[in-house]
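Descriptive analysis of the structure
What follows is the residue order along each chain.
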Amino acid sequence: MIDDVIDFFEPYTYLIIGSVKAFVIAGALLGIVPALVWLERRLMGRFQVRLGPNRVGPFGLGQPISDSIKLLFKESIIQSSADKFLFHLAPAIVVFTAIVTFAVIPFGEPVKVFGQEIGLWVANVNIGLLFVFAISGMGVYGMVLAGLSSNNKYSLMGGLRSSAQMISYELTLGLAALSIVVLTGSLSLIDMVNSQDSYPNILIQPLAFLLFFIAGIAETNRAPFDLPEAEQELVAGFHTEYTGMKFAMFFMGEYINMVTMSALVTLLFLGGWNSYGVPAWPIVAFSGKVLFLLCVFIWLRSTYPRIRYDRLMTFGWKVLVPISLLNLLVTSVLVVL
């Protein structure tokens, strides 16, 4: 009887395993967000000689839960002149694209479960890096639609600034990643990790790492590049008119994008799950590198003030893009020679 059941489900094994992995990773990403909010508030408190959250639960661990409950039951107000369909759609796009982007991120070597080898990723595609850029680039539509549907001039300005900033810095992000593609000869993220068995790419591509990380900060709208949410100029930018859980969804997307960007930097430049002689499980080595990069994101927010918008665009187009083009040219020439 059991053998008959196993034979019946055998053609659907990969579909079932893939679906389970997708639900597990999506749930884990959504669960990481409150923990990351707590970590950010605690670290920023330490960096700025404050206590941070410390009242709700031990060490303030209950603060993200209480904030989530508050936002969940807070009244959702939509002004009568807003485009209601797009107004509801915008935050959903931001969260959906952030979660789907992580589908091709591998975070460890395959493991055997009941004799079945299971990869620690949702999908292994040959163009994994291209998939990440394609899906993450669609997240800007959520921000633009949020500003457009609100029927608020400040929100519209914030949405337009979001699109201009993300398009500008995506160019640097892609050119820096192309240097690694030239070295490995593959767009597969797993191939990129396997090519770093002996040493991480940061040792031979330190400039590409720096360019990629700076552009990644701008792509995730983090300080000092969080101009789409410039409170002193735009009263909060593209999400000015949002309240309650829809307001929280924009920040959920931002924090998930932080995790994805840290994972991408780890895969491309820090050797992925390779521990280089340090006794650690692959998934622990990968998670440790990602956590370190997340702390750097928080450190930068605590340290640097928000820069002016015209200087942001000037820095992207006149500094980062030429340097990334030069780095790609030199890398290509050296590989050919």
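Everything that follows concerns the structure shown earlier in this document.
Turning next to the overall build of the protein. Assigned secondary structure in the protein consists of 13 helices and 2 strands. Against the globule reference of 20 Å for 337 residues, the protein gives a C-alpha radius of gyration of 21 Å, in line with a compact fold. Its C-alpha atoms give the protein principal-axis dimensions of roughly 65 × 55 × 40 Å. In the protein, which comprises 337 residues, the share counted as buried stands at 47%.

With that out of the way, let us pick up the packing of aromatic side chains. Here the distance between the centres and the angle between the planes together describe a pair of aromatic rings. By the definition in use, this model includes 9 aromatic pairs. Judged by centre distance (5.6 Å) and plane angle (55°), the rings of Phe212 and Phe269 are tilted. Placement of the pair is Phe212 in helix 9 (residues 206-219) and Phe269 in helix 11 (residues 244-269), with a sequence separation of 57 residues. Phe269 carries the same exposure label as Phe212, and that label is buried. Relative to Phe250, the ring of Tyr242 has its centre 4.9 Å away and its plane inclined at 80°; by these criteria the two rings are edge-to-face. Each member of the aromatic cluster is reached from another via a ring pair, and the members are Phe209, Phe212, Phe213, Phe269 and Phe297. The ring of Tyr309 has Arg161 sitting right over it, with the charged end atom 4.8 Å from the ring centre.

Attention now goes to the nonpolar core. Within the largest apolar cluster, 61 residues are counted, with the highest numbers of intra-cluster contacts made by Ile105, Leu189, Phe212 and Leu268. It is helix 11 that contributes the most residues to this core, 12 residues altogether. In this view, Leu189 contacts Val104, Ile105, Pro106, Gly128, Leu129, Val132, Leu264, Leu267 and Leu268; residues no more than four positions away in its chain are not counted. Grouped together as the second largest cluster of nonpolar side chains are 14 residues, Val94, Val140, Phe238 and Phe250 included.

Attention shifts here to unusual backbone geometry. A cis amide bond links Ala223 with the next residue in sequence, Pro224, at an omega value of 5°. Within the secondary structure, Pro224 is located in the loop between helix 9 and helix 10 (231-234). Here Asn151, not a glycine, exhibits a phi torsion of approximately 55°, which is positive. Among the secondary structure elements, Asn151 is positioned in the loop between helix 6 (139-149) and helix 7 (153-184). Look at Tyr276: it is not a glycine, yet its phi comes out positive at around 55°. Among the secondary structure elements, Tyr276 is positioned in the loop between helix 11 and helix 12 (282-303). Overall, Tyr276 belongs to the partly exposed group, its relative accessible area being 31%.

A few words on a nonpolar patch on the surface. Where nonpolar side chains cluster on the molecular surface, the patch consists of Leu326, Leu329, Val330, Val333, Leu334 and Leu337 and spans about 640 Å² of accessible area. Looking at where Val333 falls in the secondary structure, it is placed in helix 13 (residues 309-336). Given the relative accessible area of 41%, Val333 is considered partly exposed.

The next thing to look at is helix 5 (residues 128-137). If you check which residues of helix 5 are buried, you get Gly128, Leu129, Val132, Ile135 and Gly137. Buried residues belonging to helix 5 abut helix 4 (84-101), helix 6, helix 7, helix 8 (189-194) and helix 11.

Attention now moves to the environment of Val336. Tracing the chain through its elements places Val336 in helix 13. Remark: the alpha-carbon pair of Val336 and Val182, spanning 154 residues in sequence, is separated by 9.7 Å.

Taken as a whole, this structure holds 6 salt bridges when the rule is applied. A salt bridge links Asp226 to Arg306, with the shortest nitrogen-to-oxygen separation between them at 2.9 Å. Of this pair, Asp226 sits in the loop between helix 9 and helix 10 while Arg306 is found in the loop between helix 12 and helix 13, placing the two residues 80 residues apart along the sequence. Here Asp226 falls in the buried class, since its relative accessible area comes to 12%.

Here we take up the side chain of Ser302. Take Ser302: it is sitting in helix 12. In this structure Ser302 comes out as buried when scored by relative accessible area, which is 14%. The contacts of Ser302, once residues within four sequence positions are left out, are Met44, Phe47 and Gln48.

When two helices pack together, their arrangement is given by the angle between the helix axes and the distance between those axes. Interaxial distance between helix 2 (residues 13-47) and helix 11 falls to 9 Å at its minimum, and their mutual angle equals 90°. The orientation of helix 2 relative to helix 11 falls into the category roughly perpendicular. In this structure, helix 2 uses Leu29, Leu30, Ile32, Val33, Leu36, Val37 and Glu40 to contact helix 11, whose residues at the interface are Met252, Tyr255, Ile256, Met258 and Val259. Residues belonging to the contact of helix 2 with helix 11 are distributed by class as follows: 11 nonpolar, no polar and 1 charged.

Mapped onto the elements of the fold, Gln165 is located in helix 7. Accessibility expressed as a relative area gives 0% for Gln165, which makes it buried. In this structure, Gln165 is in contact with Ala218, Asn221, Phe225, Leu227, Pro228, Tyr309, Leu312 and Met313, ignoring residues within four places of it in sequence.

Parameters at a glance
Residue positions are counted from 1 within each chain, in the order its sequence is given. For a predicted model such as this one, the threshold for reporting local features is a pLDDT of at least 70, and the threshold for listing and counting side-chain atom pairs is 80 or more; totals across whole chains, interfaces and linings nevertheless cover every residue. Excluding hydrogens and water, the side-chain values take into account all heavy atoms of the structure. The numbering of helices and of strands both runs from the N terminus, where a helix is a DSSP run of H or I of at least 4 residues and a strand a run of E of at least 2. For the radius of gyration, the atom set is restricted to C-alpha positions; the globular benchmark scales as 2.2 Å times the number of residues to the power 0.38. Each residue is placed in one exposure class: buried if its accessible area under a 1.4 Å probe, protein chains only, is under 20% of its type's maximum, exposed if it is over 50%, and partly exposed if it falls in between. The aromatic pairing rule takes the rings of Phe, Tyr and Trp, using the six-membered ring of Trp, and pairs them if the centres are within 6.5 Å, calling planes under 30 degrees apart stacked, those over 60 edge-to-face and the rest tilted. Only lysine NZ and arginine CZ atoms are considered, and such an atom sits over a ring when it is within 6 Å of the ring centre and within 35 degrees of the ring normal. The set of buried Ala, Val, Leu, Ile, Met, Phe, Trp, Tyr and Cys residues whose side-chain atoms join them within 4.5 Å is what this entry labels a nonpolar core. Contacts: residue pairs with any heavy atoms within 4.5 Å of one another. Like-charged residues within 9 Å of one another, or nonpolar side chains (Val, Leu, Ile, Met, Phe, Trp, Tyr) within 5 Å, are grouped into patches, provided each residue has over 30% relative accessible area and no salt bridge. What sets the accessible areas is the Shrake-Rupley method with a 1.4 Å probe; for residues, cover comes only from the shown protein chains. Salt bridges are defined by distance alone: a side-chain nitrogen of Lys or Arg within 4 Å of a carboxyl oxygen of Asp or Glu. Axis lines are fitted to C-alpha atoms, over the contacting stretch for helices. Their N-to-C directions set the angle, which ranges from 0 to 180 degrees. Any angle that is under 35 degrees is reported as roughly parallel, and any over 145 degrees as roughly antiparallel; angles of 65 to 115 degrees are reported as roughly perpendicular and all others as oblique. By the convention adopted, Pro, Cys, Tyr, Trp, Phe, Met, Ile, Leu, Val and Ala count as nonpolar, Lys, Arg, Asp and Glu as charged, and the other residues, Gly among them, as polar.

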